[in-house]
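Remarks on the overall topology
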Amino acid sequence: MSKKVVQFAPFLGAEEYEALRACFERNWITEGPQSEKFLEQLKTLTGARFAVLAPNGTLALYLGLRALGIGPGDDVLVPDFTFMGSATAVEMTGATPVFCDIDRRTLQAGVAHMEAALTPRTRAVMPVHIYGMTCEIGPLVAWAHARKLLVIEDAAQALGVRFRGRHAGTFGDVGCFSFFADKTVTTGEGGLIVTDNEHCYSALRLLRNQGRMDRGSFIHPAVGYNFRMTDLQAAIGLVQLSKLDGIVARKQALLALYRERLAALPQVRFIAVTPESSYIPFRVAVYAERATELMKFMEARGIQTRTFFYPLHRQPAFAALRDDPGRRGQFADARFPGALYAFEHGVCLPSFPSLPLEDVHYVCDAIRDFYQG
Ligand SMILES: Cc1ncc(COP(=O)(O)O)c(C=O)c1O
């Protein structure tokens, strides 16, 4: 009888539970003192001048795009290799996501990839920091700004991650984060937008709070919506932030053990890290020979694996866009060798802070058995 090793489990404990109880005792559950404290700590962590919370990472990206004035008629460059939410946030504004390829070694999109995907209607680019490292964000933002393109950084997976010592999400015009259950710090669902631009900050505040700067008034100077979080989530987030160093150390220890145990297997290669980026492994991501067979073998041993992302240019959800005669060329497989390679060969191994080291050994034993018989 094999055991069960899941791909991921949220890392919550008695301290988060206690923080929730304190909200109930204070009888303050909507956005309030905990949210303010959470925001302050996030500003300190990232070094951003301004920040607002959002209900999740997808809506954080949507708000960031809207605050910069992106909408119908605009094209926004998005890496082909990212979570669907990066692209649907663009679609939600009425703009069109246009996909660019990635470097298969690091899984990140760089200047050359974006340059190759430019269209006459490109108004903005969305660099995504994938799998716990940054892309080459410094050169990318310099390139985009030189072309008067706006930059919305998708740092959903990159809380705590830095490029040349500067926090992910603080290079572009806006940066967006997610606190979904599988993120380094979670509030269940949740998001964050950071910016150094005061005008953009004002636009964000109006958009997220029914067109008002504050609550308590029924006079709405602008059209806005409800994109707030709750104090219940912020209270959990504060506890999670206090555990961040431990979470990071544990993720790095798990990766180190995986690296050590799999070092002798030529059939398995770890993804490379962007030079000058720090690394908080979001997934333990490897390229494996006969990846599909390996995953089936591991599943039979009770080990939950995941493929890498399915290339966005092939997503069934974008069929209408693909069929647009004016855009057909943008969707040719030949434009995306990196993203296709990653999907076909990538395997995510179980990794989360409470994963016992003995389970990592169990997973590595299974991989060795697969290749060595
Ligand atoms: C790269 C990336 N972008 C955007 C999102 C969307 O965030 P959320 O799930 O909080 O809406 C995610 C979430 O998994 C993500 O990984």
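1. Quick look at the state of the cysteines
If you walk through the whole model with that rule in mind, you get zero disulfides. No disulfide involves Cys135; its sulfur sits 9.7 Å from that of Cys100, the nearest cysteine. Residue classification places Cys135 among the buried positions, given a relative accessible area of 0%.

2. Points about the packing of helix α1 (residues 14–26) against helix α8 (residues 231–242)
In contact at an axis separation of 9 Å, α1 and α8 are set at 145° when each is read in the N-to-C sense. Regarding α1 and α8, the two cross each other, and that crossing is right-handed. Contact residues: α1 offers Glu15, Glu16, Ala19, Leu20, Cys23 and Phe24, while α8 offers Asp231, Leu232, Ala235, Ile236, Val239 and Gln240. Looking at side-chain class alone, the contact of α1 with α8 contains eight nonpolar, one polar and three charged residues.

3. Focus on the side chain of Asp75
With respect to the secondary-structure elements, Asp75 resides in strand β2 (residues 75–79). Classification of Asp75 as buried rests on a relative accessible area of 2%. In terms of polar contacts, Asp75 uses its side chain to reach the side chain of Thr119, at 2.6 Å. Only 2.8 Å separates the side chain of Asp75 from the side chain of Arg327, close enough to count as a polar contact.

4. What about the site of the ligand?
Looking at the ligand, the residues that line it are Asn56, Gly57, Thr58, Thr82, Phe83, Ser86, Val128, Asp154, Ala156, Gln157, Ser178 and Lys183. Side-chain polar atom of Thr58 to an oxygen atom of the ligand: 2.6 Å apart, as the coordinates give it. Note that a nitrogen atom of the ligand is positioned 3.5 Å from one of the side-chain N or O atoms of Ser86. With the chains in place, 93% of the 380 Å² that the ligand exposes on its own is no longer accessible.

5. A word on the domain arrangement of the protein chain
For the protein chain, the assigned domains are domain 1 (14–101 + 108–242) and domain 2 (244–372). Each of domain 1 and domain 2 has a C-alpha centre, and the two are 25 Å apart. The partner domain 2 presents 37 residues to the 42 residues of domain 1 that form the contact. Buried surface at the junction of domain 1 and domain 2, summed over both partners, amounts to about 3,200 Å²; 62% is from carbon and sulfur atoms. In this structure, the connection of domain 1 to domain 2 is made through three salt bridges. Linking Asp75 and Arg327 is a salt bridge whose minimum nitrogen-to-oxygen distance equals 2.8 Å. Viewed at the interface, domain 2 and domain 1 are joined by 15 residue pairs in polar contact (both at pLDDT 80 or more). Elements represented by at least two residues in the side of domain 1 that touches domain 2 include exactly β2, α4 (84–92), β3 (96–100), α5 (111–117), β6 (162–163) and α8. Top element by residues in the side of domain 1 that touches domain 2 is β3. It accounts for five residues. Its residues assigned to classes, the side of domain 1 that touches domain 2 shows 22 nonpolar, 11 polar and nine charged.

Parameters and conventions
- Residues numbered from 1 in each chain as written.
- Predicted model: local features only at pLDDT ≥ 70, side-chain atom pairs only at ≥ 80, totals over all residues.
- Heavy atoms only, no water.
- Disulfide = S-S within 2.5 Å.
- Buried < 20%, exposed > 50% of the residue type's maximum accessible area, 1.4 Å probe, protein only.
- Axes fitted to C-alpha atoms, helices over the stretch in contact; angles between N-to-C directions.
- Helix = DSSP H or I, 4+ residues; strand = E, 2+ residues; numbered from the N terminus.
- Left-handed = near helix turned anticlockwise from the far one by under 90°.
- Contact = heavy atoms within 4.5 Å.
- Nonpolar A, V, L, I, M, F, W, Y, C, P; charged D, E, K, R; others polar.
- Polar contact = N/O pair within 3.5 Å; in protein donor to acceptor, adjacent residues only side chain to side chain.
- Near = heavy atom within 4 Å.
- Areas by Shrake-Rupley, 256 points an atom, 1.4 Å probe, with all protein chains shown as cover.
- Domains from an automatic or database assignment.
- Buried area = accessible area lost by both parts, 1.4 Å probe.
- Salt bridge = Lys/Arg side-chain N within 4 Å of Asp/Glu carboxyl O.

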